[in-house]
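Coordinate analysis (summary)
If you want the building blocks of each chain, they are given just below.
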Amino acid sequence: MPLSEFELIARYFRDQPVEREDVVQGIGDDCAEVTIADGHEMLVDVSCFAEGGHFQAGDDPAGIGHRALAYALTRLAACGAEPAWLTLALTLPRVDEQWLRDFSGGLLRLAQRHRVALVGGDTTRGPLTVGLQLHGLLPMGSAVPANGARPGDLLYIIGPLGAAGLAVLSLAGELQLPIQQRQDVLEWLYHPEPPVAAAAALRGLAHGACPLADGLAQSLAGFLDNAGVGATVQVQRLPLSPAVEASFDQAGGWNLPLHGQDPCGLCIAVPAERQAEWEQRLAAHGLMGRWVGIVEPRPGLRCVLDDGTEI
Ligand code: ADP
Ligand code: MG
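Residues numbered from 1 in each chain as written. Chains lettered and ligands numbered in written order. Predicted model: local features only at pLDDT ≥ 70, side-chain atom pairs only at ≥ 80, totals over all residues. Heavy atoms only, no water.

1. Examining the nonpolar core
Selection criterion: Take the buried Ala, Val, Leu, Ile, Met, Phe, Trp, Tyr and Cys residues and link them wherever side-chain atoms come within 4.5 Å; each set so joined is a nonpolar core. Exposure classes here rest on a 1.4 Å probe applied to the protein chains alone. A residue is buried below 20% of its type maximum, exposed above 50%, and partly exposed in between. Only heavy atoms matter for contacts: two residues are in contact if any of them lie within 4.5 Å across the pair.
L155, I157, L166, F223, L238 and L258 are the most contacted members of the largest nonpolar core, which totals 40 residues. Beyond its immediate sequence surroundings of up to four residues, F223 is in contact with A146, A149, L155, G208, A209, C210 and A269. With 35 residues, the next largest nonpolar core counts L88, L92, A111 and L132 among its residues.

2. Focus on the coordination of the magnesium ion (ligand 2)
Put simply, a metal with four donors set out as a tetrahedron has ideal angles of 109.5 degrees, and one with six donors set out as an octahedron has ideal angles of 90 or 180 degrees. This is how the line gets drawn: Coordination shells were defined by N, O and S atoms within 2.8 Å of each metal, extended to 3.2 Å for Na, K and Ca; water is absent from the atom set, which can make sites look incomplete. Working definition: helices are DSSP H or I runs of at least four residues, strands are E runs of at least two. Numbering for both runs from the N terminus.
Only E5 (OE) and D122 (OD) from the protein coordinate the magnesium ion (ligand 2), and they sit 2.1 to 2.8 Å from it. Of this pair, E5 sits in helix α1 (residues 5-14) while D122 is found in strand β5 (residues 117-125), placing the two residues 117 residues apart along the sequence.

3. Brief notes about the pairing of strand β6 (residues 129-139)
Note the threshold: Note on pairing: DSSP must find at least two bridges between two strands before they are called paired.
Across the 11 residues of β6, 8 count as buried, placing the element largely inside the fold. Note: strand β3 (residues 40-50) against β6, 11 bridges, orientation antiparallel. Directly across from C48, in β6, lies its bridge partner G131. Direction of pairing for strand β4 (residues 82-92) relative to β6: antiparallel, over a ladder of 9 bridges.

4. Describing the pairing of strand β7 (residues 154-158)
Here is the key point about a regular strand: its side chains alternate between the two faces of the sheet. Here β7 lies mainly inside the structure; 5 of its 5 residues are buried. Where burial is concerned, the two faces of β7 agree: the one with L154, Y156 and I158 and the one with L155 and I157 are both buried. In the sheet, β7 pairs with strand β10 (residues 266-270) via 5 bridges, with the strands oriented antiparallel. Directly across from I158, in β10, lies its bridge partner L266. With 5 bridges connecting them, β7 and strand β11 (residues 289-296) associate as antiparallel partners. Bridging from a neighbouring strand, L155 pairs with G293 of β11.

Below you can see the structure in the form of structure tokens.
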């Protein structure tokens with residue numbers, strides 16, 4: 001007998017090790033109920049992932065769950081918010097218990113590491129789609145804006161960049177990687193590490209920040225455009241993943257770090273006069289951030305080599 005929706009939720013989603021005092025009612029009632037501490041506000045991110053676009057039919061289900069949440073956690077971190085609660089809209093073509101076990105495992109293990117409680121959702125039948133609504137908290141008025149970059153700001157990247165894009169090329173058979181490198185980049189594609197600690201480092205300091213999921217060039221161009229500014233980025237300063245450095249030419253040179261998807265990459269605009277404090281914060285939070293460029297009044301993104309040649 002196929003599992004009922006109720007049994008499915010009880011078996012794969014209801015029991016989680018995350019306990020939060022601000023959850024009054026989690027999975028089980030019609031609505032979830034949470035409380036927000038005085039002086040705090042809530043940020044909400046919705047991210048949707050569909051088979052054929054964001055992942056492929058045969059992808060490891062644990063990786064699908066992990067990557068979807070990692071992507072959402074990165075977006076919340078860019079706003080300076082601490083993740084708190086998650087709801088899940090899951091559409092499944094059929095009930096496949098092995099798939100559900102692996103998917104919920106991948107999702108909930110990452111959620112647990114960042115104290116995110118899954119408080120509700122909905123489960124329907126149809127083409128495989130994963131919708132996540134991630135809620136974050138931060139002190140009132142301290143959200144980091146997407147349009148705050150100003151001329152003179154220093155641009156920092158939290159990476160490493162290029163590994164996910166390299167994995168996609170490798171999966172498509174467009175290049176042959178040594179076995180260890182292939183494993184490393186696939187691990188980064190399916191189980192990327194979201195820079196959750198960046199939220200605390202950004203608040204009250206960064207002028208703006210943006211996730212780099214659509215690739216550095218496109219994401220950063222939008223971020224600068226939003227703020228009515230431009231920038232010059234020194235590409236040789238970009239924090240590349242070791243596998244990308246090792247197969248740089250074979251993988252299309254600068255094309256990969258500039259245009260490859262990077263679900264957990266962040267770019268941050270930091271006021272130049274607070275650089276020392278910012279670098280201290282990065283170190284204190286164990287974040288690998290690198291200064292790569294400077295915000296300028298002239299619109300547009302200019303990518304240059306160390307010798308000044310524009311690429
Ligand atoms: P029904 O559709 O039978 O009315 P609900 O959709 O209300 O049932 O689901 C029952 C409970 O399970 C609710 O608390 C709901 O938020 C939760 N829930 C449903 N699907 C999921 C899911 N995929 N992940 C987490 N919680 C879920
Ligand atoms: Mg339902």
